[in-house]
Amino acid sequence: MKDYRFLKPFTLPNGVVIKNRVVLPPMTEQMSFEDGTVTLEEINYMQQRAGGVGLFITPVAYINKEGKGFEGQLGADDDSKIPGLAKLAHAIKARGAKAILQIFSAGRMTNQWITRGLQPVSASAVAAPRSGAATPRELSADEVVNLINDFAQATRRAIEAGFDGIELHGANTYLLQQFVSPHSNRRTDEWGGSLDKRLNLPLAVIDEVMKVKHKYASPSFIVGYRLSPEELEEPGITLDDTKHFIGELQHTELDYIHISMGSVWRTSMRDKENLEPIITQLKKVSPKKPIIAVGNVRTPQQAEEVVQADIDFVALGHQLIIEPNWVEKVLSGDEETIRYHLHAADLDDLGVKPPFLEFIRDMPGFDILGLNDDSNRQIDNVTYL
């Protein structure tokens, strides 16, 4: 076994020791039941990948019914979900990883078919810049307060279910990001206007989540925040906006900041003259909070390059779909046996079930060898808990 830095333990600001610096990031798998309860296939799929990584962040769970973002999504919107979430948390923790439940509201990035008739909501009544996007309803001031409480209650459910922590999903154009963005947030009250006012909602959510943590959990409960560093929309979030936001996050009790990007070394989309990788720029403005980097990391050498650049954690997404035992193979010195291609013959062994299969076959650069359209469209039975 090589002496990789990413295999070394890391201590979070709350004192929790993570066994290594490898993270399984949240990846949509669409295996939950229609009402957001956990399925046996979902548990088996996640448990299979929880043996080697230090942090395991689940696919995102919605905090209220109007915030559901897609079919087959995990739910944390009601106490009835706690027993299923508890089984999921236990399955992940039993393999040695820290189990983190990611939570969100989709905001305007959903539709009335998915929310079963509820109109999507957002910071303002501005549709997303995509084909067919519905115009959301602007949340009232009272509803914003209720939204903050929904995040808090979802956190309480995660604690009662036995998760080691939660991650607030403020990335990928979902509702928390919609409040930060000048494109989707045109408000003139305390929740919008200047950048600092647009940051009021995520900071209020973090504050309320911490109150829940202190009331119901031990100090070891982990709280992270995921964000996207830029938007292409005009007006949109700039890299300078994000640097300011991360500066504000240094004053919170967060345990880590997760930077959502498709390529770990990506440079600015908005400023083509800024050639320094975004991830190293953001690390410089986050002296107190560990950073998780993600984006097209496949090999041990690529993972090591990330942590050698003083990035605290490296997340492997697509690669852990293909190779659930990536970390174990590195630890045992069997790097040459790591799979880098997904083959149709391996789908059952890897726990990849429809409609997850339908989802990943459309991912850029994610070819499934030996799969034809007919075999790809077969629907298996799903066992529900």
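The protein is annotated in an unreviewed UniProt entry as NADH-dependent flavin oxidoreductase from Serratia montpellierensis.

Draft legend 1. Looking closely at the pairing of strand S7 (residues 98-104). Judged by how many residues are buried, S7 sits mostly within the fold: six of seven residues are covered. By the bridge criterion, three bridges tie strand S4 (residues 55-57) to S7 in an arrangement that is parallel. For Ile57, the partnering residue across the bridge sits in S7 and is Ile100. Here strand S5 (residues 61-62) runs beside S7; their pairing, made up of two bridges, is parallel. From the neighbouring strand, Tyr62 faces S7, where its bridge partner is Phe104. Bridge count for S7 against strand S10 (residues 165-170) is four bridges, and the pairing is parallel. Bridging across to S10, Gln102 finds its partner in Glu167.

Draft legend 2. A look at the nonpolar core. By size, the foremost hydrophobic cluster in this structure holds 99 residues, and its most contacted members are Phe6, Leu101, Leu168 and Trp326. Sort the elements by how many residues they give to this core and helix H3 (residues 141-161) lands first, with nine residues. In this view, Trp326 contacts Phe6, Val22, Arg298, Thr299, Pro300, Ala303, Leu316, Gln319, Leu320, Ile338 and Tyr340; residues no more than four positions away in its chain are not counted.

Draft legend 3. Highlighting the environment of Leu139. As for its position among the elements, Leu139 is in the loop between strand S9 (137-138) and H3. Separated by 48 residues in sequence, Leu139 and Arg187 place their C-alpha atoms 10.0 Å apart.

Draft legend 4. Highlighting the packing of helix H2 (residues 82-94) against H3. For the pair H2 and H3, the least separation of the axes is 8 Å and the interaxial angle reads 55 degrees. As the angle between them shows, H2 and H3 are arranged oblique. Considering only the axes of H2 and H3, their crossing is right-handed. Between H2 and H3, the residues in contact are Ile82, Leu85, Ala86 and Ala89 and Arg156, Arg157, Glu160 and Ala161, respectively. Taken together, the residues of the contact of H2 with H3 sort by class into five nonpolar, no polar and three charged.

Draft legend 5. Seen up close, helix H1 (residues 40-48). Within H1, the full set of buried residues consists of Glu41, Glu42, Ile43, Tyr45 and Met46. Looking at the packing, one finds that the buried side of H1 touches S4, strand S6 (74-75), H2, helix H10 (318-322) and helix H12 (356-360).

Draft legend 6. Inspection of unusual backbone geometry at higher detail. In the segment running from Glu234 into Pro235, the intervening peptide bond is cis, with an omega of -5 degrees. As for its placement among the helices and strands, Pro235 is situated in the loop between strand S11 (222-227) and helix H7 (239-249). For Asp310, which is not glycine, the phi torsion reads 65 degrees and is therefore positive. Looking at where Asp310 falls in the secondary structure, it is placed in the loop between helix H9 (300-308) and strand S14 (313-315). On the basis of relative accessibility, which here comes to 45%, the residue Asp310 falls in the partly exposed class.

Draft legend 7. Structural view of the pairing of S10. Most of S10 is tucked away, with six of its six residues classed as buried. With burial as the criterion, each face of S10 is covered, one bearing Gly165, Glu167 and His169 and the other bearing Ile166, Leu168 and Gly170.

Draft legend 8. Examining the pattern of salt bridges more closely. Enumeration over the complete set of coordinates arrives at 25 salt bridges. In this structure, Arg5 and Asp310 form a salt bridge, with 3.4 Å as the shortest nitrogen-oxygen distance. Of this pair, Arg5 sits in the segment before strand S1 (10-11) while Asp310 sits in the loop between H9 and S14; the two residues are 305 residues apart in sequence, bridging distant segments of the chain. Residue class for Arg5 comes out partly exposed when judged on its relative accessible area of 27%. Each member of the salt-bridge network shares a partner with another, and the members are Glu34, Lys68, Glu71 and Arg116.

Draft legend 9. Fine view of the side chain of Gln30. By the secondary structure assignment, Gln30 is in the loop between strand S3 (22-24) and H1. The contact partners of Gln30, leaving out residues within four places of it in the chain, are Phe70, Glu71, Gly72, Pro355 and Phe359.

Draft legend 10. Region of the structure containing the UniProt feature "domain: NADH:flavin oxidoreductase/NADH oxidase N-terminal" (unreviewed entry) in the protein. Residues annotated by UniProt as "domain: NADH:flavin oxidoreductase/NADH oxidase N-terminal" (unreviewed entry) correspond here to residues 8-333. Summarising residues 8-333: 33% helix, 15% strand, and an end-to-end C-alpha distance of 15 Å.

Draft legend 11. Focus on the confidence of the model for the protein. In this model, the protein carries a mean pLDDT of 94, and residues with pLDDT of at least 70 account for 96%. Confidence drops under pLDDT 50 across residues 374-385; counting only partners more than four residues distant or on other chains, this segment forms 25 contacts.

Draft legend 12. Examining the packing of aromatic side chains more closely. All chains considered together, the criterion is met by six aromatic pairs. Taking the centre distance of 5.6 Å and the plane angle of 40 degrees together, the rings of Phe6 and Trp326 count as tilted. Note that Phe6 is positioned in the segment before S1 and Trp326 in helix H11 (residues 326-331), a separation of 320 residues in sequence. Of the two residues, Phe6 and Trp326, neither departs from the other in class, the shared state being buried. Here Tyr225 and Phe245 contribute two aromatic rings whose centre-to-centre distance is 5.5 Å and whose plane-to-plane angle is 85 degrees, an arrangement assigned as edge-to-face. In this pair, Tyr225 sits in strand S11 while Phe245 sits in helix H7, placing the two residues 20 residues apart along the sequence. Taking the relative accessible area as the measure of exposure, Phe245 reaches 5% and is therefore buried.

The rules behind the values
Residues numbered from 1 in each chain as written. Predicted model: local features only at pLDDT ≥ 70, side-chain atom pairs only at ≥ 80, totals over all residues. Heavy atoms only, no water. Buried < 20%, exposed > 50% of the residue type's maximum accessible area, 1.4 Å probe, protein only. Helix = DSSP H or I, 4+ residues; strand = E, 2+ residues; numbered from the N terminus. Pairing = 2+ DSSP bridges. Core = buried A, V, L, I, M, F, W, Y, C linked by side-chain atoms within 4.5 Å. Contact = heavy atoms within 4.5 Å. Axes fitted to C-alpha atoms, helices over the stretch in contact; angles between N-to-C directions. Parallel < 35°, antiparallel > 145°, perpendicular 65-115°, else oblique. Left-handed = near helix turned anticlockwise from the far one by under 90°. Nonpolar A, V, L, I, M, F, W, Y, C, P; charged D, E, K, R; others polar. Salt bridge = Lys/Arg side-chain N within 4 Å of Asp/Glu carboxyl O. UniProt positions renumbered as here; feature names shortened; annotations may be inferred. pLDDT = per-residue confidence, 0-100. Phe/Tyr/Trp six-rings, centres within 6.5 Å; stacked < 30°, edge-to-face > 60°.

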